Amino acid sequence: MKKSTIAFIAVLLALGAYFAMDARKSGFSPFQFLSGDRKIIEETTMSFMEDIQFKDFDKAATYHDPEDQKKHDIPKLIERLFKIKPELLDIMEYKIMESTLDSSGSRGRVKVQTKVHRLNTDDFRDVETMFYFHKKSEKWYMELESSLRNI
C-alpha cells in the first residue's frame, strides 16, 4: 500500500473516533444497540426527568420499587438535590452523559446533566446527577432515595 493510502485511512479512523466520542458526550451513543438493559435505564431516566420537569411527583415515584414507593417524599428529595423548593425550580433541559451496568447486569447507573433556572434568584446552573438502578425479577427499578438523597 502506498503511504498516502495508509495516512488517509488513519485520518478517517481518527475522525470516526472523534465523532463517536463527541456524539456520546451529547447524549447519543452509536453503540446503544449493544445493551437492551442500558437502553431501558436510559429511557426510564429520561421519563423520570420529564415527570420532574412537569412536577408530576406521583408518577415520578412509580419508578421506585413498589414496596417502598409510599415511603419517599419526592418533592422533599428534589428540594434537597437542588437546594430549592420544587415550585421555584424550572428544569430547562437535561441530557444523559453516560450510562453503565455492572458486571452482573443487575445494577446500573445513569449520569444526567440538567440545566435549571432558579426562579426566586433568577440564577441558571448546570447540575450533574447520578441515578442508580437495580434489576429485580427482570424489571429495572430506580433507587430514588439513594439517587436523589446522596448527591
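Up top is the structure these notes are about.
Cut-offs and rules
- Residues numbered from 1 in each chain as written.
- Predicted model: local features only at pLDDT ≥ 70, side-chain atom pairs only at ≥ 80, totals over all residues.
- Heavy atoms only, no water.
- Core = buried A, V, L, I, M, F, W, Y, C linked by side-chain atoms within 4.5 Å.
- Buried < 20%, exposed > 50% of the residue type's maximum accessible area, 1.4 Å probe, protein only.
- Helix = DSSP H or I, 4+ residues; strand = E, 2+ residues; numbered from the N terminus.
- Contact = heavy atoms within 4.5 Å.
- Phe/Tyr/Trp six-rings, centres within 6.5 Å; stacked < 30°, edge-to-face > 60°.

Student: Even after reading the chapter, I still don't get the nonpolar core, so can you show me in this structure?
Tutor: A general tendency of soluble globular proteins is for nonpolar side chains to be buried together. Counting 27 residues, the largest nonpolar core has F48, I52, I74 and F82 as the members making the most contacts within it. Mapped onto this core, the elements with two or more residues apiece are α2 (36-53), α3 (57-61), α4 (74-82), β1 (89-101), β2 (107-118), β3 (123-136) and β4 (139-142). I74 has contacts with I52, F57, A60, A61 and L144, leaving out every residue within four places of it along the chain.

Student: What should I look at first to understand the side chain of T114 in this one?
Tutor: Its location among the elements puts T114 in strand β2. Its relative accessible area of 0% is what places T114 among the buried residues. In this structure T114 touches M49, I91, E93, Y94, R125, D126 and V127, once residues within four positions along its chain are discounted.

Student: Which parts of the structure should I look at to understand unusual backbone geometry?
Tutor: Leaving glycine aside, a negative phi is the common case for residues, and trans is the common case for peptide bonds. The backbone of D122 shows a phi angle near 55°, a positive value even though the residue is not glycine. Here the phi dihedral of E138 falls at roughly 65°; this positive angle occurs in a residue that is not glycine. Given a relative accessible area of 69%, E138 falls into the exposed group.

Student: Looking at this structure, I do not really get the packing of aromatic side chains. What am I missing?
Tutor: To describe a pair of aromatic rings, one takes the distance between the centres and the angle between the planes. As enumerated under the stated definition, the model contains two aromatic pairs in all. Ring geometry for F48 versus Y63: centroids 5.9 Å apart, planes at 85°, classification edge-to-face. Here Y63 lies in the loop between α3 and α4 and F48 lies in helix α2, a separation of 15 residues in the sequence. Pairing F48 with F131 gives two aromatic rings, centres 5.5 Å apart and planes at 70°, and the pair type is edge-to-face. Of this pair, F48 sits in helix α2 while F131 sits in strand β3; the two residues are 83 residues apart in sequence, bridging distant segments of the chain. For the pair formed by F48 and F131, the shared burial category is buried. Ring pairing ties together the aromatic residues F48, Y63 and F131, which thus form one cluster.

The quantities given are spatial measurements derived from coordinates; they are silent on function.
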